[in-house]
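# Notes for the structure review
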Amino acid sequence: MKQYICIDIGGTAIKYGVVQSGEIPEIIQTDSCKTPENGTKILRKVFDIIEGLKRNCGQTEAVCISSAGIVNSEEGCILEANDDLIPGYTGTKIADRVKEKFGTPCFVENDVNCAAMAEYYAGAAKGYHSMLMLTIGTGIGGAFIAGGKLLKGHTYSACEVGYMNMEEGTFEEIAATSALVARTAKRLHKTADEISGKWIFEQAQDGNEVCIEEIDRMCDILAKGISNICYVLNPEIVLLGGGISAQTDWLKPRIEMGMEKYLIPVIRKKTKLDFAKFKNQAGMIGAYYAAGFIG
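Residues numbered from 1 in each chain as written. Predicted model: local features only at pLDDT ≥ 70, side-chain atom pairs only at ≥ 80, totals over all residues. Heavy atoms only, no water.

### Things to note about the nonpolar core
Counting residues in each nonpolar core, the largest one holds 41 residues, and the members touching the most others are Phe171, Ile215, Leu222, Leu240, Leu251 and Ile255. For this core, the leading source of residues is helix 7 (residues 209-233), giving 11 residues. Beyond its immediate stretch of four places on either side in the chain, Leu240 contacts Leu134, Ile136, Ile226, Ser245, Ile255, Leu273, Asp274, Phe275 and Ala276. Within the second largest apolar cluster, 31 residues are counted, among which are Cys64, Val112, Ala118 and Ala282. (Core = buried A, V, L, I, M, F, W, Y, C linked by side-chain atoms within 4.5 Å. Buried < 20%, exposed > 50% of the residue type's maximum accessible area, 1.4 Å probe, protein only. Helix = DSSP H or I, 4+ residues; strand = E, 2+ residues; numbered from the N terminus. Contact = heavy atoms within 4.5 Å.)

Rendered as C-alpha cells:
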C-alpha cells in the first residue's frame, strides 16, 4: 500500500497527514498547526511538516498540497492569495521548492477544488456525473466537476463564485457566514467579535426571532446564487461544505425552498442539494485525488 504526504493550507490552520492509497484513502498520523503569518514562513512550515512525516512514516511517493488562493496546478504555484489573510503568499512556487529540497514529486491544487475531488470520488457526490461544490465560511468558494474532469478555466480561476456580483454586493459579501454574523450583530446591537455563526444557530433554536430571520435571509441569498450557477453549469448535485455544513437540519429545507423559487421546474426537479461528507479531512483527501492517485 503506497503512502502520500498530504497537506491542507488554510487561512487559519494547516492540516496534514499521510494518506494510504485505496478505494477509500485512509489518513494516518494526522495533525494540525496554526498557519504562519506570511508566505515565507508557510513554506518553512511545509518543509518542517514534510521532514517530520518522512521521518516517522518512511517511504512516501509524493507530496500533495491543498491550498487557499488561486493555484496554477500545472506549475504548483500560488497565482493569487488574499494579502490581508496570508501576506506575501502570492507567487509562492511551492512545488518547485519542495522538489528542490526533497527530490520528491509535489502537486498543488486549490483547496475548494480539492474538497470537490474528495466528495466526487469518495464522498457525498460519488456516483454522480456532475457536481457543483460550494464551501461557505468567511468567504464562498466553488468548484465544478463533470465526467471526472475538474473545470479549472483559462487562468485557473473557474468557479470563483464568491466574486459573483449580486444586487447588494458580491455573493460572498452577502451570503457567507461572515455576512450572517455582521448583519445579526448589527440588529442585536453587538459587535461581530461577540457572536459567531454557531451562536446564531443556537439562538435561533431557542426562538430568537432576529437570528431566525437572518438565517432565512442568508438561505434565500444562497438559494439565488446557487440557482444562478445551476443555470450556467446544470449539475446533477450541489454540495455545500465548510463550517456551514454542521447546520444541515436548519439549512437544507430553507435553501431548497429558495431553489424552488429561483429555478425553473425542469432544472429544479433534476438538481439534488446535499451537504459534504468530509469535514476537516476534505482538503487532504482531495489533494491526494487531485494529484491523480485515484484508487
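### A word on the sheet that holds strand 3 (residues 26-34)
Strand order in the open sheet formed by five strands is 3-2-1-4-7, and the pairing between neighbours is mixed. Two strands lie at the open edges of the sheet, namely strand 3 and strand 7 (106-110), each paired on one side alone. Strand-to-strand twist of the sheet, defined as the mean angle between neighbouring strand axes without regard to direction, takes the value 15°. Here strand 2 (residues 13-20) pairs with strand 3 via seven bridges, running antiparallel. (Pairing = 2+ DSSP bridges. Axes fitted to C-alpha atoms, helices over the stretch in contact; angles between N-to-C directions.)

### Observations regarding a nonpolar patch on the surface
Side chains of Tyr231, Val232, Ile264 and Val266 sit close together on the surface and give an oily, nonpolar patch of about 400 Å² of accessible area. By the element assignment, Tyr231 lies in helix 7. We classify Tyr231 as partly exposed; its relative accessible area is 37%. (Patch = residues over 30% accessible without salt bridge, like charges linked within 9 Å, V, L, I, M, F, W, Y side chains within 5 Å. Areas by Shrake-Rupley, 256 points an atom, 1.4 Å probe, with all protein chains shown as cover. Salt bridge = Lys/Arg side-chain N within 4 Å of Asp/Glu carboxyl O.)

### What to know about the pattern of salt bridges
All told, the structure shown has 15 salt bridges when counted by the stated rule. Here Lys198 ties to Glu202 by a salt bridge, and the two come within 3.5 Å at their closest N and O atoms. Of the two residues, Lys198 and Glu202 are both situated in helix 6 (residues 197-205); the distance of four residues between them amounts to about one turn of the helix. Put simply, Glu168, Arg183, Arg187, Glu213, Glu214 and Arg217 are held in one network by salt bridges that share partners.

### Some thoughts on the packing of helix 3 (residues 111-122) against helix 10 (residues 282-290)
Running from N to C, helix 3 and helix 10 point in directions that differ by 80°, and their axes come no closer than 7 Å. Considering the angle they form, helix 3 stands roughly perpendicular to helix 10. Residue-level contacts link Cys114, Ala115, Met117, Ala118, Tyr121 and Ala122 of helix 3 to Ala282, Gly283, Ile285, Gly286, Ala287, Tyr289 and Ala290 of helix 10. By residue class, the composition of the contact of helix 3 with helix 10 is 11 nonpolar, two polar and no charged. (Parallel < 35°, antiparallel > 145°, perpendicular 65-115°, else oblique. Nonpolar A, V, L, I, M, F, W, Y, C, P; charged D, E, K, R; others polar.)

### Quick look at the packing of aromatic side chains
Under the criterion given, the structure shown has six aromatic pairs. Taking 5.9 Å as the distance between ring centres and 70° as the angle between the ring planes, the aromatic pair formed by Phe47 and Phe102 counts as edge-to-face. Taken as a pair, Phe47 in helix 1 (residues 39-57) and Phe102 in helix 2 (residues 94-102) lie far apart in primary sequence, 55 residues in all. Here Phe47 and Phe102 have matching classes, each one buried. Counting every residue linked through ring pairs, the aromatic cluster contains Tyr4, Tyr120, Tyr121, Tyr288 and Tyr289. The ring of Phe102 has Lys101 sitting right over it, with the charged end atom 5.9 Å from the ring centre. (Phe/Tyr/Trp six-rings, centres within 6.5 Å; stacked < 30°, edge-to-face > 60°. Lys NZ or Arg CZ within 6 Å of the ring centre and 35° of its normal.)

### Let's talk about the environment of Cys106
Within the fold, Cys106 resides in strand 7. Cys106 sits in the buried class, given a relative accessible area of 5%. Sequence separation of Cys106 and Asp206 is 100 residues, and the distance between their C-alpha atoms is 49 Å. The residues touching Cys106, leaving out its near neighbours within four places in the chain, are Val63, Ile65, Ile94, Ala95, Val98 and Lys99.

### Details of the sheet that holds strand 14 (residues 272-275)
Spatially, the five strands line up as an open sheet ordered 10-9-8-13-14, and their pairing is mixed. Looking along the sheet, the strands with just one partner apiece sit at the ends: strand 10 (149-150) and strand 14. Here strand 9 (residues 140-146) pairs with strand 10 via two bridges, running antiparallel. Note that in strand 10 the partner of Ala146 across the bridge is Lys149. Seen against the sheet, helix 7 touches strand 8 (130-136), strand 9 and strand 13 (237-241) and runs at an angle of roughly 150° to strand 8.

### Some remarks on the environment of Ile5
Mapped onto the elements of the fold, Ile5 is located in strand 1 (residues 3-9). Between the alpha carbons of Ile5 and Arg254 there is a distance of 39 Å; along the sequence they are 249 residues apart. Setting aside anything within four residues of it in sequence, one finds Ile5 in contact with Gly17, Ile50, Leu53, Lys54, Thr60, Ala62, Val63 and Cys64.

### A few points about the packing of helix 5 (residues 177-187) against helix 6
Remark: helix 5 packs on helix 6, axes separated minimally by 9 Å, with the N-to-C direction vectors making an angle of 60°. Relative to helix 6, the element helix 5 is oriented oblique. Handedness of the crossing formed by helix 5 with helix 6: left-handed. Only Gly197, Ile200 and Phe201 of helix 6 make contact with helix 5, whose side of the interface consists of Thr177, Leu180, Val181 and Thr184. Across the contact of helix 5 with helix 6, the residue classes tally to four nonpolar, three polar and no charged. (Left-handed = near helix turned anticlockwise from the far one by under 90°.)

Everything listed here is a matter of coordinates, which is why it stays silent on function.
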